[in-house]
Amino acid sequence: MANFSALAAARHALLARAGWDVEADGLNGAPPITVVVGEEVHATVLKALSLLGLGRKRVVRVPVDGQGRMRADALPHLDAQTILCLQAGNVNTGAFDPAAAIIPAARTAGAWIHVDGAFGLWARCRRSTTAGPRASSRPTPGRRTGHKWPNIGYDCGIALVRDPSHLRAAMSIEAAYLVQGEHREPSTTTQSFPPCSRC
């Protein structure tokens, strides 16, 4: 659900940028979104993409090296309608995609940069050398991180999104009996935090 939530925010942001309200109008007739992943992308990212209507078979797969790291020299063209999915901790090897070599060009292109931080985000919190330049979203699915590292509930997941308005728009619900105030509401999944210089 952490990958799903962060990628829902990405879908919302990219389609809103193109003048399309995906929550109101759905995906029929929507401007296309290109999703770029490494050849060894985690299955939960592909499942989230399929649940979001972006399709598992439609993703562009980038070749990886012997450790499962996305090859920066093999990236396809990126633009403002691209979701680029990086890994901070390959499930098989623990290797990190070369974020420092990939993210600057992706940010210049206006792509949404999604980092699946299942294994590596907690290492990033402890050391400043593992992640690289700023990303748009970082999920930390509890099945692998919250549960295994901080030893909290199995179903706990954390999605960090640079601009919480995209997550709020994608994931909140509205009803007459759900009055939203200015303070954090338990029924919403967003909380604003000051920018982190290391993220």
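For the structure itself, consult the block above.
When helices and strands are tallied, the protein shows 6 helices and 6 strands. Helices (α) and strands (β) of the protein occur, in sequence order from the N terminus, as α-α-β-α-β-β-α-β-α-β-β-α. Counting only residues that meet the buried cut, the protein has 41% of its 199 residues in that class. For the protein, long-range pairs separated by at least 24 residues make up 63% of all intrachain contacts whose partners lie at least 6 apart in sequence. Accessible surface, the protein: about 10,600 Å² in total, of which carbon and sulfur atoms supply 53%.

On to the pattern of salt bridges. With the rule as written, the count across this model stands at 3 salt bridges. Its salt-bridge partner being Arg 69, residue Asp 65 comes within 2.7 Å of it at the nearest N-O pair. On the accessibility criterion, Asp 65 (27% relative accessible area) is partly exposed. Between Arg 71 and Asp 73 there is a salt bridge, with its nearest N and O atoms 3.1 Å apart. The exposure class of Asp 73 is exposed, given its relative accessible area of 62%.

As a further point, take the nonpolar core. Among the nonpolar cores identified, the biggest contains 27 residues, and Leu 7, Val 35, Leu 49, Ile 83 and Trp 112 are the most heavily contacted of them. Sorting the residues of this core by element identifies helix H1 (2-17), strand E1 (34-38), helix H3 (43-51), strand E3 (82-87) and helix H6 (164-171) as the ones contributing at least two each. Examining the composition of this core, we find that 8 residues originate from one element, H1, more than from any other. With sequence-adjacent residues up to four places away left out, Leu 7 is seen in contact with Val 45, Ala 48, Leu 49, Leu 52, Ile 83, Cys 85 and His 114.

For the rest of this paragraph, the subject is the pairing of E1. Buried residues dominate E1, accounting for 4 of its 5 residues. Pairing analysis gives 3 bridges linking E1 to E3, with the strands arranged parallel. Bridge assignment links Thr 34 to a residue of E3, and that residue is Thr 82. The pairing of E1 with strand E2 (residues 60-62) spans 3 bridges and is parallel. Bridge pairing in E2 places Gly 38 opposite Val 62. Taking the sense of rotation as the criterion, the β-α-β connection linking E1, H3 and E2 turns out right-handed.

Residue pairs spaced three or four apart in an α-helix point in one direction, given the helix's 3.6 residues per turn. Listing the buried residues of H6 in full gives Pro 164, His 166, Leu 167 and Ala 170. For H6, the angular spread of the buried residues around the axis is 155°, confining them to a single face. The elements touched by buried residues of H6 are H1, helix H2 (22-25), strand E4 (112-116) and strand E6 (158-161).

Within the secondary structure, Lys 47 sits in helix H3. Using a relative accessible area of 43% as the deciding quantity, one classes Lys 47 as partly exposed. In sequence terms Lys 47 and Asn 3 are 44 residues apart; their C-alpha atoms lie 9.0 Å from each other.

Further remarks concern helix H4 (residues 99-109). Listing the buried residues of H4 in full gives Ala 99, Ile 102, Ile 103 and Ala 106. Along the axis of H4, the buried residues cluster in a sector spanning 95°; they form a single face. Away from its buried face, by an angle of more than 90 degrees, H4 presents the exposed residues Ala 100, Ala 101 and Thr 108. Where the residues of H4 are buried, they touch E3 and E4. One or two residues past the end of H4 sits Gly 110, with phi positive at roughly 85°.

About the criteria used
- The residue count restarts for each chain, going from 1 along the sequence in the order it is written.
- In view of the model being predicted, local features appear only for residues whose pLDDT reaches at least 70, and side-chain atom pairs are presented and counted only at 80 or more, with totals across whole chains, interfaces and linings using the full set of residues.
- As a convention, hydrogens and water are excluded, and side-chain values are obtained from all of the structure's heavy atoms.
- Here a helix means four or more residues in a row that DSSP labels H or I, a strand means two or more in a row labelled E, and each is numbered from the N terminus.
- Residue burial is assigned from relative accessible area. The probe radius is 1.4 Å, only protein chains are included, and a residue is buried under 20% of its type maximum, exposed over 50%, and partly exposed in between.
- Residue contacts are counted whenever heavy atoms from the two residues lie within 4.5 Å of one another.
- Values of accessible area rely on a 1.4 Å probe in the Shrake-Rupley scheme; residue burial ignores everything except the protein chains shown.
- What makes a salt bridge here is a side-chain nitrogen of Lys or Arg within 4 Å of a carboxyl oxygen of Asp or Glu, nothing more.
- Take the buried Ala, Val, Leu, Ile, Met, Phe, Trp, Tyr and Cys residues and link them wherever side-chain atoms come within 4.5 Å; each set so joined is a nonpolar core.
- In this description, strands pair whenever DSSP reports at least two bridges between them.
- Crossovers are described as right-handed under a simple rule: with the strands pointing away from the observer, the path leading from the first strand over the helix to the second runs clockwise.
- The arc refers to the directions leading from the helix axis to the C-beta atoms.

Don't take any of this as a statement about function, it's just geometry.
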